[in-house]
Amino acid sequence: MLSKREQLMFYAALAILGLWVLNAFVLAPVSDAMNQTRQLRDALAADVEAMFDLIDRRPAMRQRWQEMQNQGLSENPSVTEQVAFKYLQQWSDDAGVTLTTMTPSRNTVEVGMPSITFNVAGKGSLGGVCRLIDQLEQTPLPVRIQSLTLGSTNAMGEILTVQMKLNVPYLDPSIPLTEASMAL
């Protein structure tokens, strides 16, 4: 038979073991599940907020889409090409950049928006090249600068050479659009 002290120690050890088992197999998994649920709830709340933001921006995005269509986003790639040529020439003249090459090539896709890639080369002052790039970024025409290379023709860097690869999408009614493909 165990003494009272030994019994007390036995019950205390048994209680500690029971608490450890309770923590290891009940409380910790429940706590982990609650943390995962909280993280999932926060992620879903952020997604819902992003969706509401998208819904709030819908009128502005529709207006921007209409502007792009009015400025040259066309179902006819030749029209899109001509509009892009016209704008590129106008922007380069305004910026004081001499374009030496403007070579288009049409890209085809199975889903999304096909595009015309323009390989553009020219030269001008640093300020002129910066104005040209700014005009490309600010235009309502959907133009994306895919790559940009700058170089200097002299040691002082007064005249820069610029080479750009520009992407201009056009609409093709036979190709289905997805939201991902419309991200310009």
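Residues numbered from 1 in each chain as written. Predicted model: local features only at pLDDT ≥ 70, side-chain atom pairs only at ≥ 80, totals over all residues. Heavy atoms only, no water.

Description of the pairing of strand S2 (residues 115-124)
Two faces make up the sheet, and in a regular strand the side chains alternate between them. Under the convention used in this document: When a residue's accessible area, from a 1.4 Å probe over protein chains only, is under 20% of the maximum for its type it is buried; when over 50% it is exposed; and in between it is partly exposed. Comment: elements are numbered from the N terminus, with helices defined as DSSP H or I runs of at least four residues and strands as E runs of at least two. By definition, two strands form a pair when at least two bridges between them are found by DSSP.
Counting buried positions over the 10 residues of S2 gives eight, a clear majority of the element. Bridge count between strand S1 (residues 98-107) and S2: nine bridges; the pairing is antiparallel. For Ser105, the partnering residue across the bridge sits in S2 and is Thr117. Summarising the sheet, S2 and strand S4 (residues 160-169) pair through 10 bridges and their orientation is antiparallel. Bridge pairing in S4 links Thr117 to Asn167.

Regarding the environment of Gly128
For the record, the criterion: Every residue pair with non-hydrogen atoms within 4.5 Å of one another is taken to be in contact.
For Gly128, the position within the fold is in helix H3 (residues 126-138). For Gly128, a relative accessible area of 0% puts it in the buried group. Between the C-alpha atom of Gly128 and that of Ala24, which follows or precedes it by 104 residues, the distance is 69 Å. If near-sequence neighbours (up to four positions away) are discounted, Gly128 is found in contact with Ala95 and Val97.

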